Structures are given as structure tokens and as C-alpha cells.
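Chain residues, written in single-letter form:
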Amino acid sequence: MPPSVPLHSAPNMATQLAPCQAPHWARAAAPRLASRVAGVALLALGGDALAQAPVPTGPPNAPEQRPAFAAQTRAPALPASAPLRSERVAEGLEFPWGLAFVDNDTALVTERPGRLRRVDLRSGTLSAPITGLPEIDARGQGGLLDITLDPDFERNRRLYLSYAEPREGGKNGTSVARATLAAGGQRLEELTVIFRQTPAWVSTKHFGSRLVWDTQGHLYVTLGERSLPEPRQLAQDPHTHLGKVVRIDPDGSIPADNPFAAGQAGAPAVWSYGHRNIQGAALHPESGKLWTVEHGPRGGDELNVPLAGRNYGWPVITYGEDYSGAPIGEGVTARAGMEQPIYYWDPVIAPGDMTFYQGARFPDWHGDLIIASLSPGGLVRLTLDGERVSGEQRLASGLGRVRDVAEGPDGALWALTDARDGALVRLLPGME
């Protein structure tokens, strides 16, 4: 295994506080926001009250936009933590995307070009590609995406994969397949496609997709809206799967308590709609609610807690702007009947996956949300006060683009770097 090296929080940007003059929208905020982190609290709240400065990230892309409530964006910067130590456990992974721990010594990693590998966590050895995968469209942002193990994996050896599936006429869409990992771990058997996103589209962008189990054994699947101007409008149509979170049973059937289970007001699998491109999702360890983080336009990445049947606005309302600098739609950020994100980033973090940290290696981070960042890279740590963000920190910028982050069985943080020569990296406290 390669030697470990120090990995510092981003100097002069991620962990150092800016001058204590807050942005004008924070000075004018009236609500009180309580923080559980010592030294990171908003001061109380008259019109001239000053909040502790946010993480310095540069000017927003849409400076004329205002948050809907205090600390909905640019929450107070958390104090710098001790440097992290990194170990490059496995290398030579081509654009790794999803990570699942089989046990203390073994993980499964997907590679976007269409390979699934077993990783020996002790030696860093990669297996040969596991056979028996479905047909995969590995163009653009498409390919083999997420992986999750069945909650009863130890008994049934089942796993679930999301991927870009080729369809007729050059179209494609996100699909989910279930399979059994054969004895020896080198072959998938009994592969069955249990979900197909519809309608299919000719696009190589915005496939989603993360797979998360709820506490009742249902499977959430996050889905992109395929990016192009025409299909993005279908994010507002609950009868389609574009720009949606869907919720299915392990065999692909529909849970009876889904909001559109009857199929009249929307597609039976749909849980929530009005999303752009969700590539991060995790279940809150206490509330059992699904939390998601999605790629917005330039200056509009969002953190949401999607509720059944709710509309999250895309592309009618959004923070940020189009990549051309033009507004999205009418350029509005709020409308009746559409939900606000609990947090957004402008400039963006280009989020990958995320996890709620529950381990003992970082005791001060217990319950915090750790998010992978593709740009500017590294990790983003958020402290929470219920369903409000109370503080933000940027970490491990030296990792570059990070696609996935997960807490391992050992309590360490594990990350996949998004590169042609990507790596599985283990992160530990620098003083351990």
C-alpha cells in the first residue's frame, strides 16, 4: 500500500476565516440561527447584527439573488480542524463512481466506462473486471454509476447497480439492475433490470444517480433531467421520470404509500420532482429522511430533504444562472407551491455523493454531513441544526475532484477521486 501523506485543509480558502465583515444579505437577516459548534454562532439579530464570515469562495455568479432565509447560503465558516492524513489504498481506477463495502477487508467499486471491481482494502489489489454486467452506454456523463448492497446481502448476495442504458433509436436513460454476486466474487448472476427511466432521450448528460435504502426496505433512485432545454421541462411533469427521485421495492414494484401510487396524478414510482441532476443522497441516521444534493446551474447547487409529492422547482425556480450567463427561465428563485432548498452554493461545489458521519475517528464530526466536491474539489463539511445548515468547512482540497465519499467499517472516511487514473483514498485524523 502506498505510504500515507499529510492532506491539509485548503489553505487561505477552505479553513481560514475571511475578514469578519459579512455580506450585506447576511447583515440584514433577521431570523436567529443557533449553532452547536463552539465559536460558530450568528449574533443576535437586529438589522445591524454581524454574522461570522462564511467560507471565502469568491463572488456569487448571481449577486442580485437573495436567499429566502438566513444562512440558506454562505453559512458561517467553521474553525479550522487538524490536518487530515490520506492513504491511497487503491490506484488505477478509471473514473470510479460508486463504492460499497462488502466487509472490513473488501469493497466493490464501479468505474464509469463500464467495469465493476473488487478491491482488497488491506493490499489495495484490484480484481479483474467482474463479469455479467448489463449493456451500458458509457458516453459523456453516462456509464456504470452507483452500487448498493441489498440490506440482507450477507444472506442473499444481491447487489443493485444504476447505469446509463442504451435504448432504441440512439436514445438512453438511467436504469437499475439487480444481480447476485456469485461465490468467488468474479461474476454476476440472475441479473434483472428492475427500473427504467422514461422517456428515453438522445443525450449524454444528467443521468443522476444514487441508490439509497430507506428504513422500510424501499430503494430511492435519484434521476437527472437529461440537461437539454426540451427534456429539462419534463422535470415539472410528475408523469415522467426525468428530474425525479423515485422510490421502488427491491423487485421494482411500487410501494403502496408512494405519493402517486395510483398513477393518476403522476408516475407511480415518483417520490418528488422538479430536480436537476442529483448525484448525492443519504438517509439521515436519526430522522430516517432522505437528503439529496444536486448539481444546479452555474451558482445553483442545492441541498434538499425531498418530501413525498413535493415540487422542488427546476427549471421554473432556481438559484444561479445558465452557463451562458443568461437567467434560467424567468430568473426567479421562489414561487408558490415550489419548495426551497435548505441550502445552496453560489459559486458551486459540483457535488458528488455524501454521507452523515457516525463514526468515532472524528468525534467532533458526529452527525455532520460530508459531501464530495468535483469543483473546486475535496470535501465539504456541514454542521446542522435540525434541517438548517449552521456551519461550513472545506477539507482535503489536495484530493482534487472527488466523486464519492463514504464512511467505512473502520470509521475512516473513504473517497473516490474522479480521474482517468482515479484512486480509492482513506482519510484519517492527522494526529491519530
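Asker: What's the story with the sheet that holds strand β21 (residues 388-395) in this structure? I'm lost.
Answerer: One key point about sheets: their strands pair by backbone hydrogen bonds, in either a parallel or an antiparallel sense. Reading across the sheet, the 4 strands line up as β18-β19-β20-β21 and stay open at both edges, with antiparallel pairing between neighbours. Each having just a single partner strand, β18 (351-356) and β21 make up the two edges of the open sheet. In this sheet, adjacent strand axes meet at a mean angle of 25° when their direction is disregarded. Sheet topology places strand β20 (residues 379-385) next to β21; 7 bridges connect them, and they run antiparallel. Note that in β21 the partner of R381 across the bridge is Q393.

Asker: For this particular structure, what's the right way to read the side chain of N311?
Answerer: Here N311 shows up in the loop between β16 (301-304) and β17 (343-345). According to the relative accessible area criterion, N311 is buried, its value standing at 7%. The residues touching N311, leaving out its near neighbours within four places in the chain, are Q236, Y273, G274, G337, M338 and E339.

Asker: Is there a simple way to explain the pattern of salt bridges in this structure?
Answerer: A side chain with one charge may pair with a side chain of the opposite charge, provided their charged atoms come close. Per the counting criterion, the structure on display carries 27 salt bridges. In this structure, the salt-bridge partner of R210 is D146, at a minimum N-O distance of 3.1 Å. With R210 in the loop between β9 (188-196) and β10 (211-213) and D146 in strand β6 (residues 144-149), this pair connects stretches of sequence that are 64 residues apart. Put simply, E189 and R187 hold a salt bridge, and the shortest N to O gap is 2.4 Å. The class of E189 is partly exposed, set by a relative accessible area of 30%. Salt bridges here are not isolated pairs; linked through shared partners, they connect E94, E111, R115, R117 and R420.

Asker: Just checking my understanding: could you explain the nonpolar core for this structure?
Answerer: The nonpolar side chains of soluble globular proteins are, as a tendency, buried together. Core analysis: the biggest nonpolar cluster contains 18 residues, and W291, L303, W345, L369, I371 and L382 have the highest contact counts within it. Breaking this core down by element, the ones donating at least two residues are β15 (290-295), β17, β18, β19 (369-373) and β20. Broken down by element, this core gets its largest block of residues, 3 residues, from β20. If we skip the residues at most four places from it in the chain, L303 touches W291, T292, V293, P341, I342, Y343, W345, M354, L369, L382 and V389. Among the nonpolar cores identified, the runner-up in size contains 17 residues, and L84, A396, L399 and V405 belong to it.

Rules used in this analysis
- Residues numbered from 1 in each chain as written.
- Predicted model: local features only at pLDDT ≥ 70, side-chain atom pairs only at ≥ 80, totals over all residues.
- Heavy atoms only, no water.
- Pairing = 2+ DSSP bridges.
- Helix = DSSP H or I, 4+ residues; strand = E, 2+ residues; numbered from the N terminus.
- Axes fitted to C-alpha atoms, helices over the stretch in contact; angles between N-to-C directions.
- Buried < 20%, exposed > 50% of the residue type's maximum accessible area, 1.4 Å probe, protein only.
- Contact = heavy atoms within 4.5 Å.
- Salt bridge = Lys/Arg side-chain N within 4 Å of Asp/Glu carboxyl O.
- Core = buried A, V, L, I, M, F, W, Y, C linked by side-chain atoms within 4.5 Å.

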